[in-house]
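Chain and residue survey
Chain by chain, the residues run as shown.
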Amino acid sequence: MSETASQQHPIGLYLKIWLLLFVFSAFSYAVDYYQVQGALRWTLILIFMFPKAGLIISISMHVRWERLSLKYVLFLPLTAIAVLIILMAIEGDYTYLTRLLFFDR
Amino acid sequence: MISETDKSATYTEPGVAGLVSDWAADRQTFDMPWGKIMMWIFLLSDTFIFSVFLVSYMNVRISATDPWPNASEVFALQIFGEYVPLLLIAIMTFILITSSGTMAMAVNYAYRGDIKKTVWLIVATALFGASFVGMQAFEWSKLIEEGVRPWGNPWGASQFGSAFFMITGFHGLHVTGGVIYLLWTARRVSSGYYEGKDLAIVEIAGLYWHFVDLVWVFIFAFFYLW
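The rules behind each value
Residues numbered from 1 in each chain as written. Chains lettered and ligands numbered in written order. Predicted model: local features only at pLDDT ≥ 70, side-chain atom pairs only at ≥ 80, totals over all residues. Heavy atoms only, no water. 1 Å grid on protein atoms, 1.4 Å probe; cavity = no way out; pocket = protein on both sides within 12 Å on 5 of 7 lines; lining within 4 Å. Points joined across faces, edges and corners; volume = space filled by probe spheres on them. Helix = DSSP H or I, 4+ residues; strand = E, 2+ residues; numbered from the N terminus. Nonpolar A, V, L, I, M, F, W, Y, C, P; charged D, E, K, R; others polar. pLDDT = per-residue confidence, 0-100. Axes fitted to C-alpha atoms, helices over the stretch in contact; angles between N-to-C directions. Parallel < 35°, antiparallel > 145°, perpendicular 65-115°, else oblique. Left-handed = near helix turned anticlockwise from the far one by under 90°. Contact = heavy atoms within 4.5 Å. Salt bridge = Lys/Arg side-chain N within 4 Å of Asp/Glu carboxyl O. Buried < 20%, exposed > 50% of the residue type's maximum accessible area, 1.4 Å probe, protein only. Buried area = accessible area lost by both parts, 1.4 Å probe. Polar contact = N/O pair within 3.5 Å; in protein donor to acceptor, adjacent residues only side chain to side chain.

Topic: the layout of surface pockets
What the largest pocket holds in volume is close to 1,100 Å³. Lining of the largest pocket is provided by 42 residues; of these, A:Met49, A:Ile85, B:Leu54, B:Phe218 and B:Phe222 occupy positions nearest its centre. Mapped by element, the contributors of at least two residues to the lining of the largest pocket are helix H3 (38-60), helix H4 (68-75) and helix H5 (78-103) of chain A together with helix H2 (34-63), helix H3 (71-74) and helix H7 (200-225) of chain B. No other element matches the twelve residues that H2(B) contributes to the lining of the largest pocket. Residue classes in the lining of the largest pocket are distributed as 32 nonpolar, seven polar and three charged.

Remarks on the confidence of the model for chain A
Within chain A, residue pLDDT values average 90, and 92% of them lie at 70 or more. Predicted confidence in chain A is weakest over helix H1 (residues 2-6) of chain A, with a mean pLDDT of 46, and strongest over H5(A), with 95.

Concerning empty space enclosed by the protein
Per the counting criterion, the structure on display carries four cavities of 30 Å³ or more. Put simply, the largest cavity is a space of about 60 Å³. Residue lining of the largest cavity: A:Tyr14, A:Ile17, A:Trp18, A:Leu21, A:Ser60, B:Ile97, B:Ser100, B:Gly101 and B:Ala104, and that is the complete set. Elements that contribute at least two residues to the lining of the largest cavity include exactly helix H2 (11-33) of chain A together with helix H4 (87-112) of chain B. Per-class residue counts for the lining of the largest cavity are six nonpolar, three polar and no charged. Considering only enclosed or pocket space, the second largest cavity measures out at about 50 Å³ in volume. As for the second largest cavity, its lining consists of B:Val74, B:Phe75, B:Ala76, B:Leu77, B:Leu88, B:Ile89, B:Phe138, B:Glu139, B:Lys142 and B:Leu143. Breaking the lining of the second largest cavity down by element, the ones donating at least two residues are H4 and helix H5 (115-145) of chain B.

Comments concerning the packing of H2(A) against H3(A)
All names here are of chain A. Two elements in contact, H2 and H3, have axes separated by 9 Å at closest approach and are oriented at 160°. When the axis of H2 is compared with that of H3, the two are roughly antiparallel. Like other packed secondary-structure pairs, H2 and H3 cross with a definite hand, here left-handed. On H3, the residues that touch Leu 13, Tyr 14, Ile 17, Leu 20, Leu 21, Phe 24, Ser 25, Phe 27, Ser 28, Val 31 and Asp 32 of H2 are Arg 41, Leu 44, Ile 45, Phe 48, Pro 51, Lys 52, Leu 55, Ile 56, Ile 59 and Ser 60. Per-class residue counts for the contact of H2 with H3 are 15 nonpolar, three polar and three charged.

A short note on the pattern of salt bridges
Within the structure shown, the criterion is met by seven salt bridges over all chains. Here A:Glu66 makes a salt bridge to B:Lys36, at a shortest N to O gap of 2.7 Å. One end of the pair, A:Glu66, is in the loop between H3 and H4; the other, B:Lys36, is in helix H2, on a second chain. Among the residues examined, A:Glu66 registers a relative accessible area of 6% and is labelled buried. You can call B:Lys36 buried: its relative accessible area is 2%. With a closest N to O distance of 2.7 Å, A:Arg67 and B:Asp22 form a salt bridge. Here B:Asp22 lies in helix H1 (residues 15-24) and A:Arg67 lies in the loop between H3 and H4, a pairing that spans two chains. Using a relative accessible area of 15% as the deciding quantity, one classes A:Arg67 as buried. Ionic contacts of the salt-bridge type, sharing partners, join the residues A:Glu66, B:Lys36 and B:Glu203 into one network.

Focus: unusual backbone geometry
A positive phi angle, close to 65°, is found at A:His62, a residue other than glycine. Mapped onto the elements of the fold, A:His62 is located in the loop between H3 and H4. For B:Leu86, which is not glycine, the phi torsion reads 55° and is therefore positive. Looking at the secondary structure, you find B:Leu86 in the loop between strand E2 (82-84) and H4.

Topic: the interface of chain A and chain B
Interfaces are often sized by the amount of accessible area the parts lose when they come together. Taken together, the contact pairs 57 residues of chain A with 63 residues of chain B. Summing the contributions of chain A and of chain B, the shared interface buries around 5,400 Å²; its carbon and sulfur component is 72%. At the junction of chain A and chain B, the tally comes to two salt bridges. Where chain A touches chain B, the interface holds 14 residue pairs in polar contact (both at pLDDT 80 or more). Those elements that place two or more of their residues in the side of chain A that touches chain B are H1, H2, H3, H4 and H5 of chain A. Here the side of chain A that touches chain B takes 15 residues from H5(A), the largest share from any one element. Of the residues contributing to the side of chain A that touches chain B, the split by class is 36 nonpolar, twelve polar and nine charged.

Below you can see the structure in the form of structure tokens.
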């Protein structure tokens, strides 16, 4: 099968990915250690989170070398999660505002 | 049913044309062992479970009127009389990443046919995983001692406890299950159970383990750092 052939990558590749994940994690931790706050904190957390997730999915889990058939199966359903996040964020805001209106009475 | 011998298809056509022929041609859609596609389907469903946990955490955190406990302080450890924020969590993160690295190498050696290195790298991965669970148990007992409960805690919004126990507990169960799964895989590989077959089974176990690491990336960012 073609996968078996495509599994041959030098060990060095994994060590590089490992190092990168370490560096990104260290940066994430530094965000908390130096108590960066507010919008900058959230931006930095996301900036350091997404490359980590991307590296694990594409290199460690080999999705990069998989066929498009599998990629679509894995990623199309995630749009449902994106919709759920948006809906629940709106709902959470609504609940919060409602509580502000009625909890203090 | 598609017979094992039906390998007339080549699965080499790239891009969208390949996607169409994979799905439309008279052959199995996914060019991989059945165990691997089953693991992917399982991981996709697991993605939804963890997403729902994290989304519900987001929802209760947005809607909480009490202040949310500051994770940086809650998870601080006292080292030499000084409070270091999130120290244990950072160590756990590095351990899990390292275990992911050893797992990737195990998969690589499995495909090279180096059984001995494969087994030892899987065992190393399992040991890292076990130490992760140990630290989590320590963290849980520390928080429970300080009065964190699913229905309340000394610092603020009571939803903090339920989100914490559900999310990290479910992830911890995954790691625990993964350690058992890995040790079982290592035992089978070393006993020669797969002799003469390809070691795709190691890759499949690896997918699960990397996924557990992937979930931690999101938990670390959204629960501990946010």
